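Given next are the chains, with one letter for each unit.
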Amino acid sequence: MFRKILDAADSLDSLLKEKKIRALIFDMDGVVTQTATLHAQAWKKLFDDFLQNRREKTGKSTAPFRIETDYPQYIDGIPRLDGIRNFLKTRGISLPEGSPEDSPETETVWGLGNRKNQYFQELIKQKVEVFSDTLTWIKQKRAAGYQIAIISASKNCQTILQAAGIEDLFRVRVDGIVAEELHLPGKPAPDVFLEAARQLGVMPEETAVFEDARLGVKAARAGGFGLVVGVNRKQEAETEALLRNGADLVLTGF
């Protein structure tokens, strides 16, 4: 594996040619759109409110949700309900599963999931920002003949792409809705990436994956993809975590 840290994507072209890459799969949040921050804010509000309410009811104090540690380790890049189960388990809390019809006020796994989605929907109504350098690079690669797909654990993926005006950039979209319809397990299982490659008509070894989440690069590595590219724009410490979880190299931007 290359195990490099790159300051820009200029030298990436030679790697794509060397590995005979024909297709590119991009995770949405944190790579294409700046919605990862909004997700983190929505998760923090969800768990801060939930833990505060639980403390008032039981008198038991629980460590608060920390974006810097809890979000990347237990939630980032995986289906919403799995993230809730993961975090609650770290705090020794067990909730009934509930059902998709549970109201956001219901203290079940589904209820919390619906509440988190409600918070996130409120945030994306304000504005969806994109990484312009990523979009410029994607357009260049499309023009060069690469097949392009986007994946996301979010069921809001299409809404976000439409709000940003970039839905047409991607030939294939495998998001939370598609994954549910096809019964695809979430990351770190590689199934969403494999399905995107299948729909593009390429083999995994001919495909490069671009991910900012630890579980995302771990999933891409497990799927046998030809090139696994971590994307880390802010937190220096996260670069080593991406490499440890399977990234061949890490970009700080495109």
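To be clear, the structure that these remarks concern was listed above.
Residues numbered from 1 in each chain as written. Predicted model: local features only at pLDDT ≥ 70, side-chain atom pairs only at ≥ 80, totals over all residues. Heavy atoms only, no water.

**Student:** Account for the layout of surface pockets, with residues named and values stated.
**Tutor:** Picture a little ball the size of a water molecule; that probe, rolled over the atoms, points out where space is still empty. Of the voids in this model, the largest pocket is the one considered here, and its volume is about 620 Å³. Around the largest pocket, the lining comprises 33 residues; the ones closest to its centre are Ile78, Pro79, Arg80, Ala153 and Ser154. If you list the elements that add at least two residues to the lining of the largest pocket, you get helix H2 (36-58), helix H3 (70-75), helix H4 (80-90), helix H5 (109-124) and helix H8 (176-182). Space inside the second largest pocket adds up to approximately 530 Å³. The set of elements that each furnish at least two residues to the lining of the second largest pocket consists of H2, H3 and helix H11 (236-244). It is H2 that contributes the most residues to the lining of the second largest pocket, 4 residues altogether. For the lining of the second largest pocket, the residue count by class is 9 nonpolar, 8 polar and 7 charged. (1 Å grid on protein atoms, 1.4 Å probe; cavity = no way out; pocket = protein on both sides within 12 Å on 5 of 7 lines; lining within 4 Å. Points joined across faces, edges and corners; volume = space filled by probe spheres on them. Helix = DSSP H or I, 4+ residues; strand = E, 2+ residues; numbered from the N terminus. Nonpolar A, V, L, I, M, F, W, Y, C, P; charged D, E, K, R; others polar.)

**Student:** Requested: an account of the nonpolar core, with residues and values cited.
**Tutor:** Within the largest apolar cluster, 55 residues are counted, with the highest numbers of intra-cluster contacts made by Leu12, Leu24, Phe26 and Phe210. Looking at which element gives the most residues to this core, the answer is H2, with 9 residues. Ile25, Val202, Val228 and Ala247 belong to the second largest nonpolar core, which has 25 residues in total. (Core = buried A, V, L, I, M, F, W, Y, C linked by side-chain atoms within 4.5 Å. Buried < 20%, exposed > 50% of the residue type's maximum accessible area, 1.4 Å probe, protein only.)

**Student:** Quick one: what's the story with the pairing of strand E2 (residues 23-27), residue by residue and with numbers?
**Tutor:** The buried fraction of E2 is high, at 5 of 5 residues. Residues Ala23, Ile25 and Asp27 point to one face of E2 and Leu24 and Phe26 to the other, with burial holding for every one of them. By the bridge criterion, 5 bridges tie E2 to strand E3 (residues 147-151) in an arrangement that is parallel. Pairing of Leu24 across the sheet is with Ile148, part of E3. Bridging between E2 and strand E5 (residues 207-211) involves 4 bridges; their strand directions are parallel. Directly across from Ala23, in E5, lies its bridge partner Thr207. (Pairing = 2+ DSSP bridges.)

**Student:** Run through the packing of aromatic side chains, naming residues and quoting values.
**Tutor:** Inspection of every chain in the model, using the stated rule, returns 11 aromatic pairs. Ring geometry for Phe26 versus Phe210: centroids 4.7 Å apart, planes at 10 degrees, classification stacked. Of the two residues, Phe26 sits in strand E2 while Phe210 sits in strand E5, which places them 184 residues apart along the sequence. Each member of the pair, Phe26 together with Phe210, is buried. Their ring planes at 45 degrees and their centres at 5.3 Å tell us that Trp137 and Phe254 sit as a pair that is tilted. Of this pair, Trp137 sits in helix H6 (residues 132-143) while Phe254 sits in the segment after strand E7 (249-251), and the two are 117 residues apart along the sequence. Here the two residues Trp137 and Phe254 agree in accessibility, since each one is buried. Linked through ring pairs, Phe26, Trp137, Phe210 and Phe254 together constitute an aromatic cluster. (Phe/Tyr/Trp six-rings, centres within 6.5 Å; stacked < 30°, edge-to-face > 60°.)

**Student:** Got a sec to walk through the packing of H2 against H5? Specific residues and values, please.
**Tutor:** Two quantities define a packed helix pair, namely the angle between the axes and the distance from one axis to the other. For the pair H2 and H5, the least separation of the axes is 9 Å and the interaxial angle reads 135 degrees. Comparing the axis directions of H2 and H5 gives the class oblique. The element H2 and its partner H5 pack so that their crossing is right-handed. Residue-level contacts link Leu38, His39, Gln41, Ala42, Trp43, Lys45, Leu46, Asp49 and Phe50 of H2 to Leu112, Arg115, Lys116, Tyr119, Phe120, Leu123 and Ile124 of H5. Per-class residue counts for the contact of H2 with H5 are 10 nonpolar, 2 polar and 4 charged. (Axes fitted to C-alpha atoms, helices over the stretch in contact; angles between N-to-C directions. Parallel < 35°, antiparallel > 145°, perpendicular 65-115°, else oblique. Left-handed = near helix turned anticlockwise from the far one by under 90°. Contact = heavy atoms within 4.5 Å.)

**Student:** Talk me through the environment of Leu24; I want residue IDs and the actual numbers.
**Tutor:** For Leu24, the position within the fold is in strand E2. The class for Leu24 is buried, based on a relative accessible area of 0%. It is 42 Å that separates the C-alpha atoms of Leu24 and Thr62, two residues lying 38 residues apart in sequence. Apart from the residues lying within four places of it in its own chain, the contact partners of Leu24 are Leu16, Trp137, Lys141, Tyr146, Gln147, Ile148, Ala149, Ala208 and Phe210.

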